[in-house]
Every structure is written in C-alpha cells, then in structure tokens.
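The lines below spell out each chain.
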Amino acid sequence: MPNIAVPHKTDLARLPTPIYSLARFSRKLGVNIFVKRDDMTGVELSGNKIRKLEYHLADAIKQGKNAVITFGGIQSNHCRATVYAARKLGLMPILIHSGEEPEIAEGNYFLNKLAKAKTFFAPDVDFFNPKSAIKEAEQWAVHKGLKTAVIPLGASDAIGLWGYIGCAQEIMDYTNEKGTVFNKVICAVGSGGTYGGLLAGSKLYGLDSEIIGFNVLGTAEFLKDLVSKQLSDFEEKFSVQVGCKDDINIIDGYVGAGYGETWPELLALIEEVAVEEGIILDPVYTGKAFYALVDQIKKGQFSEGDNVLFLHTGGIFGVFPHREKFIVE
Ligand SMILES: Cc1ncc(COP(=O)(O)O)c(C=O)c1O
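All of these numbers come straight from a predicted model, not from anything done at the bench.

## Here we look at the pairing of strand β4 (residues 92-98)
- Of all the seven residues making up β4, six are buried; the element is thus mostly covered by neighbouring parts of the structure.
- Inspection of the sheet shows strand β3 (residues 67-72) paired to β4 by six bridges, in the parallel sense. Looking at β4, one finds that threonine 70 is bridged to leucine 95.
- Read from β3 through helix α3 (residues 77-88) to β4, the crossover connection turns out right-handed.
- The sheet contact formed by β4 and strand β5 (residues 118-122) spans five bridges and is parallel. The residue bridging isoleucine 94 from the neighbouring strand is lysine 118, located in β5.

Quick look at the structure:
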C-alpha cells in the first residue's frame, strides 16, 4: 500500500465479514465458489453501503454537519443504511426518492419510516444529476436549523471508494491466513463504488485477482465510465496513481427488463440458493450478480481450478416487496 493519507472513518460495520466455500454450488458447477458475507456487516446497517458510509459520515461530522441528505429508489438499501447509520451517530436523515409516495410502506421504505427519516418525493429526479431535488430538501433543512451534508448516489465517490479498498485488504488478509488465492472476485454494480473500491484496493494491496462486475442497471459502458470517473477523482483527491482504469471489467446482459425487474429463472435461482446454501440473495442486486456468475460458468467463461469469490453485498430487506413473485407454499 503506497503512503496515502487515508481519511478518518466512523466505526459502524462488523468487520471483517466472513468468507467461506459454497460447497454444493461449487460441486454442481465445477468451480470453487466462495462467498464473502458483506450482507453481515450489521442488521439494520447490513450490506455494502455501510463500508462507504463509514467514511462519508466521518467527513460530515468533521465538517460540523448534523444532518445528511441522500437519495435513491423507494427500496434503496443505501437510503435505509444511511438512515440507520445517521441515527446511530445522532444525525438527522433526509431522503429523496423518485416517483410518488406509495400507499403501503414496504421493505426498506418501511424501515426508513420507522426511524422517522424526513422524506421527499421527486417524481422525475435523475439520480445522476439530482441538483434541483436536493435544493428542496436543503431548504427544508435550513428552515429547521440543520446543517446538511449531501451523500452521493450509493455513497459512491472518491471518499466512498475507501470502503471497498478496506474490503480488498480483508480479502488479502484471508489469502495470507488461509493460503487461498481468489483469481476472480465477483460483485453487482449499481452506483459503481463497490466495484471501483475493490478494483483500486486490489491494485493497492497487490491482490492477484480479476475483479468482475455485473451491472444491474444501465449499460456496462455507462458504468465503466462512471467507475473510471470515480477512480480519477480518487487519484486526484488523494494524490495517488492507482492506474487500474484499463482493468475495469463490467459485463452486461443481466439487467433484464430494467433496474429492479425480475424474471422467473432469476427468482428460481434465488430459491435454489436459499435451499442449497442457506443464503438469502435479493432480486435487485445480488440475485442478478449470482445469476450472471452461474450463467457465465455454464457458458465456459470460468475454468475448473478457478477460486471465485462472490461478494454478497446485502439487500435482504428488498426481498419482501417481491414476495408474491416467489413460489413459496
Ligand atoms: C445490495 C446491493 N448490492 C450491490 C449494490 C451495488 O453497489 P454499488 O452501488 O456500490 O455499485 C447495491 C447498491 O446499489 C446494493 O444495495
């Protein structure tokens, strides 16, 4: 690791998260599949976002802020993690969701209401350019005498990348302790910070792994550009050359009909993983990434001796709004 001034972080996640073998799927597919349980970073703070929020919230507190504004879809895991992380630190959580307010509060949205997050709905908001929606939330906060910090989509930016640089270090520690070298690390790609952080971390720690992402929204091209921009910002902000933009490997083809949209074989695989491995994947992120991994293995894109590490990034509460689509007797 080069000499970089690593920013301060809050201590909210349960780390390191466990890594273990998925014995039955490995046997079935002929590739050694391991899972890193980042869904176990906590309970209400579960999932990947908390690693990034540890840095963002420390930054907000350092700047003397007492409220945070962030945004995402109504079932955003990032919004829920931000709400509970903010509450744990005594900060006021303010959210902006796309679309209209639903009649029934389900899943993550229900949990946000439980913690009394202030919520705004902006029907046509573009989360990659949410300026006008943020303005309304900021005005409300000023009126309440709050000092706000804005956390970007999915907490994915130069600061947020540190979260998954830390995860890469944990993977390295596991390899040093157990001797298992993961030649491939797999994750879902949404706002890019998990993938970008892992990639940067793999270079900084000298991990001998190909980092492969499967986009769950947009296109691979769009997300490659986004990750590349986050890496450039990181290099500039922390005066370091990571030099990994040419290694960005995001594979398209598993979004389905769109972000959050499912298909029968995806739901069937989620059920199979629950039955065979006792793990809950979500239909929006981890289910799609695992589906993509299985599909790529079946298409011969992986070799028999490969040690593949699948990063379970959480999303468990996102299962509930989809429950009627599953075949549960
Ligand atoms: C459960 C889950 N997995 C994966 C992702 C994707 O991570 P990132 O936004 O860092 O690309 C997200 C968020 O978007 C998520 O909530």
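From this point, things continue past the structure.
## Here we look at the sheet that holds β4
- Spatially, four strands are ordered β5-β4-β3-β6 in an open sheet, and the strand pairing comes out parallel. Either end of the sheet is taken by a strand with one partner, and the two such strands are β5 and β6 (148-150). Each strand of the sheet is rotated relative to its neighbour by a mean of 25°, with strand direction disregarded.

## Some thoughts on the nonpolar core
- Counting residues in hydrophobic clusters, the biggest one holds 41 residues, and the most contacted among them are Ile171, Phe182, Tyr195, Leu198, Leu231, Phe234 and Ile250.
- Where this core is concerned, the elements lending two or more residues are α6 (161-178), β7 (184-189), α7 (193-204), α8 (220-237) and β10 (307-312).
- Ranked by the residues each element gives to this core, the list is headed by α6, at nine residues.
- Discounting chain neighbours no more than four positions away, the residues touching tyrosine 195 are Cys187, Val189, Ile211, Ile212, Gly213, Val227, Asp247, Ile248, Asn249 and Ile250.

## Overview of the site of the ligand
- If you check the shell around the ligand, you find 16 residues, and the closest are Lys49, Lys52, Ser191, Thr194 and Thr313.
- A distance of 2.5 Å is found between an oxygen atom of the ligand and a side-chain nitrogen or oxygen belonging to lysine 52.
- In this structure, an oxygen atom belonging to the ligand sits 2.8 Å away from a side-chain N or O atom of asparagine 77.
- Contact with the protein chains covers 97% of the free accessible surface of the ligand, which is 380 Å².
- Elements with a minimum of two residues in the shell around the ligand: α2 (49-62), β7 and α7.
- Looking at the shell around the ligand residue by residue, the class counts come to three nonpolar, eleven polar and two charged.
- Two domains share the shell around the ligand, each providing at least three of its residues, namely domain 1 (19-47 + 157-325) and domain 2 (49-154).

## Some words on unusual backbone geometry
- For the bond running from leucine 15 to proline 16, omega is -5°, close enough to zero to count as cis.
- Locating proline 16 in the fold gives a position in the segment before β1 (19-21).
- Of note in this structure, lysine 116 is not a glycine but carries a positive phi near 55°.
- For lysine 116, the position within the fold is in the loop between α4 (107-114) and β5.
- Looking at lysine 116, the relative accessible area reads 62%, which means it is exposed.
- We note that alanine 155 has phi near 55°; this positive angle belongs to a residue other than glycine.
- For alanine 155, the location among the structural elements is in the loop between β6 and α6.
- Owing to a relative accessible area of 0%, alanine 155 belongs among the buried residues under this scheme.

## Regarding the domain arrangement of the protein chain
- As far as domains go, the protein chain holds domain 1 (19-47 + 157-325) and domain 2 (49-154).
- The straight-line distance from the C-alpha centre of domain 1 to that of domain 2 is 25 Å.
- If you look at the interface, domain 1 gives 27 residues, while domain 2 gives 22 residues.
- Summed over both sides, the interface of domain 1 with domain 2 buries roughly 2100 Å², with 61% coming from carbon and sulfur.
- Across the contact surface, domain 1 and domain 2 share four salt bridges.
- Summed over the shared surface of domain 1 and domain 2, the number is eight residue pairs in polar contact (both at pLDDT 80 or more).
- Among the elements of the structure, α6, α7 and α8 are those that each provide at least two residues to the side of domain 1 that touches domain 2.
- Among the elements that line the side of domain 1 that touches domain 2, the one with the most residues is α6, at six residues.

## Describing the pairing of strand β2 (residues 32-37)
- Burial within β2 is extensive, with five of its six residues counted as buried.
- Where β2 and β10 come together, six bridges link them in parallel fashion. Opposite arginine 37, over in β10, you have histidine 312 as the bridge partner.

## Structural notes on the packing of aromatic side chains
- Within this structure, the stated rule accounts for 15 aromatic pairs.
- Ring geometry for tyrosine 259 versus tyrosine 285: centroids 5.9 Å apart, planes at 65°, classification edge-to-face. Separated by 26 residues along the polypeptide, tyrosine 259 in the loop between β9 (249-251) and α9 (264-277) and tyrosine 285 in the loop between α9 and α10 (286-298) bring together distant segments of the chain.
- An aromatic cluster is defined as three or more aromatic residues linked by ring pairs; in this entry it consists of Phe214, Tyr254, Trp263 and Tyr291.
- A cation over a ring is seen here: lysine 28 above phenylalanine 25, with NZ or CZ 4.5 Å from the ring centre.

Rules and cut-offs
Residues numbered from 1 in each chain as written. Predicted model: local features only at pLDDT ≥ 70, side-chain atom pairs only at ≥ 80, totals over all residues. Heavy atoms only, no water. Buried < 20%, exposed > 50% of the residue type's maximum accessible area, 1.4 Å probe, protein only. Helix = DSSP H or I, 4+ residues; strand = E, 2+ residues; numbered from the N terminus. Pairing = 2+ DSSP bridges. Right-handed = clockwise from strand over helix to strand, strands pointing away. Axes fitted to C-alpha atoms, helices over the stretch in contact; angles between N-to-C directions. Core = buried A, V, L, I, M, F, W, Y, C linked by side-chain atoms within 4.5 Å. Contact = heavy atoms within 4.5 Å. Near = heavy atom within 4 Å. Polar contact = N/O pair within 3.5 Å; in protein donor to acceptor, adjacent residues only side chain to side chain. Areas by Shrake-Rupley, 256 points an atom, 1.4 Å probe, with all protein chains shown as cover. Nonpolar A, V, L, I, M, F, W, Y, C, P; charged D, E, K, R; others polar. Domains from an automatic or database assignment. Buried area = accessible area lost by both parts, 1.4 Å probe. Salt bridge = Lys/Arg side-chain N within 4 Å of Asp/Glu carboxyl O. Phe/Tyr/Trp six-rings, centres within 6.5 Å; stacked < 30°, edge-to-face > 60°. Lys NZ or Arg CZ within 6 Å of the ring centre and 35° of its normal.

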